[in-house]
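If you want the building blocks of each chain, they are given just below.
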Amino acid sequence: MLTRDFLPQEGQQTAKLSAILMADSFVYCLLDASNNILGHRSYEGIRFHDPTNTQALVNDAWLCKTYQDVLVTTFGGPTYFMQDDLDAPIPIFPGLEKAVLLSDQIPTAPPAAIVYGVTVHQRNLLQQLFEGKNMHVASALTRFLPYAAQEINTGILLHVEQKNINILCVRQGNVVLYNTYEVDSPKDILYFGLAAMKECGLTPGVDKVRVSGWVSQESALFQSLSWYMKAELIQPASLYQVQGNMPEGVHSHAYFLHYCASLCAS
């Protein structure tokens, strides 16, 4: 497994904190005012219902600091795209019956909303960590959509995390399909990617496929995606830089979701 974490160097000025909240993980990035990555830290195997299990987060000195913006992104779990009755109460979607419901308004034409949720224990932890600290919570779909709509337009964005793959299909900038899948092998990721393209009427090798997250250009996974789907890694050099001691073997596109979150506060 890749060593993903590093801390800011002495003298670097942190301005924003971006955190990704998953079912059993909490990872965060520290960014400067220009959205460059200065540090990254991971907490995995968390049982959010157990206060003794989340105490390390509460005691983390970087999470105790005050930032211009704290940007929390939920990753995984049911996410729904709504375009009807946006003024009505949020319905209880399958998989969200026991969740604390959240929604993001999307300035599409017509307007839309993204509905998702967190557990009560996750919400309580976020309040304990960041209440009164200019916290903004949004779904991964909300974070990815501006980039996908503008830079891909028609095609798919495929983001790889440690145990999950996130697929967003767009056609002429509009959401066609969005889902998160648990994966065990590179073959799973290739299968879900090809299935998503087929479902959305996209053609491998013709429509764009952009890849971000925890995958290297030399990996068997990316070689398969490149061969079957003509996939390309997102090249963040023109967007942001990693200005810390990034671990060997890790590339800046691994932190792309944090960059997308930071744009919401730019």
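What you see is a predicted model; the values in this text were computed from it and never measured.

K.L.:
Describe the overall build of the protein chain, and please don't skip the residues or the numbers.
P.N.:
Scanning the protein chain from N- to C-terminus turns up seven helices and 13 strands. Taking 266 residues into account, the globule formula puts the C-alpha radius of gyration at 18 Å, and the protein chain, at 18 Å, falls close to it. Expressed as lengths along the three principal axes of its C-alpha atoms, the size of the protein chain is roughly 50 × 50 × 35 Å. Long-range contacts, defined as pairs at least 24 residues apart, comprise 58% of the intrachain contacts of the protein chain with a sequence gap of at least 6. Of the roughly 12900 Å² of accessible surface on the protein chain, a fraction of 49% belongs to carbon and sulfur atoms. If you average the places of the 16 positive and of the 24 negative side-chain charges in the protein chain, the two averages end up 2 Å apart.

K.L.:
Can you explain the sheet that holds strand S9 (residues 155–160)? Please cite residues and give values.
P.N.:
Within the open sheet, the five strands sit side by side as S11-S10-S9-S12-S13. Their pairing is mixed. Strands at the two margins of the open sheet, each flanked by one partner only, are strand S11 (174–182) and strand S13 (232–233). Where strand S12 (residues 208–213) lies against S13, two bridges are found, and the strand directions are parallel. When the sheet's bridge partners are listed, Val-211 is paired in S13 with Leu-233.

K.L.:
Describe the confidence of the model for the protein chain, naming the residues involved and giving the relevant values.
P.N.:
Put simply, the protein chain has an average pLDDT of 88, and 95% of its residues get 70 or more. Taken element by element, the protein chain is modelled with least confidence in strand S5 (residues 80–82), mean pLDDT 82, and with most confidence in helix H3 (residues 120–130), mean pLDDT 97.

K.L.:
Explain the sheet that holds strand S7 (residues 112–118) to me, and be specific about the residues and the numbers.
P.N.:
In space, the three strands of this open sheet follow the order S5-S7-S6, with antiparallel pairing throughout. In this open sheet, the two edge strands, each paired with only one partner strand, are S5 and strand S6 (100–106). Across this sheet, the average inter-strand angle for adjacent strands is 30°, counted without regard to direction. Judged from the three bridges that link them, S5 and S7 form a sheet pairing that is antiparallel. Directly across from Met-82, in S7, lies its bridge partner Ala-113.

K.L.:
Can you break down the pattern of salt bridges residue by residue, with the values?
P.N.:
Once the charged atoms of two side chains with opposite charge are near each other, the side chains can pair. Enumeration according to the criterion identifies five salt bridges in this entry. Here Asp-24 makes a salt bridge to Lys-163, at a shortest N to O gap of 3.2 Å. Note that Asp-24 is positioned in the loop between strand S1 (16–21) and strand S2 (25–31) and Lys-163 in the loop between S9 and strand S10 (164–171), a separation of 139 residues in sequence. A residue is classified by how much of its surface remains accessible, and Asp-24, at 28% relative accessible area, is partly exposed. The closest approach of N and O atoms between Arg-41 and Asp-60, which form a salt bridge, is 3.4 Å. Pair noted here: Arg-41 is in strand S3 (residues 37–44) and Asp-60 is in the loop between helix H1 (51–59) and helix H2 (61–64), with a separation of 19 residues, a long-range link.

Conventions and cut-offs
- Residues numbered from 1 in each chain as written.
- Predicted model: local features only at pLDDT ≥ 70, side-chain atom pairs only at ≥ 80, totals over all residues.
- Heavy atoms only, no water.
- Helix = DSSP H or I, 4+ residues; strand = E, 2+ residues; numbered from the N terminus.
- Rg over C-alpha atoms; globule rule 2.2 N^0.38 Å.
- Contact = heavy atoms within 4.5 Å.
- Areas by Shrake-Rupley, 256 points an atom, 1.4 Å probe, with all protein chains shown as cover.
- Lys, Arg positive; Asp, Glu negative; His and termini not counted.
- Charge placed at Lys NZ, Arg CZ, Asp CG, Glu CD.
- Pairing = 2+ DSSP bridges.
- pLDDT = per-residue confidence, 0-100.
- Axes fitted to C-alpha atoms, helices over the stretch in contact; angles between N-to-C directions.
- Salt bridge = Lys/Arg side-chain N within 4 Å of Asp/Glu carboxyl O.
- Buried < 20%, exposed > 50% of the residue type's maximum accessible area, 1.4 Å probe, protein only.

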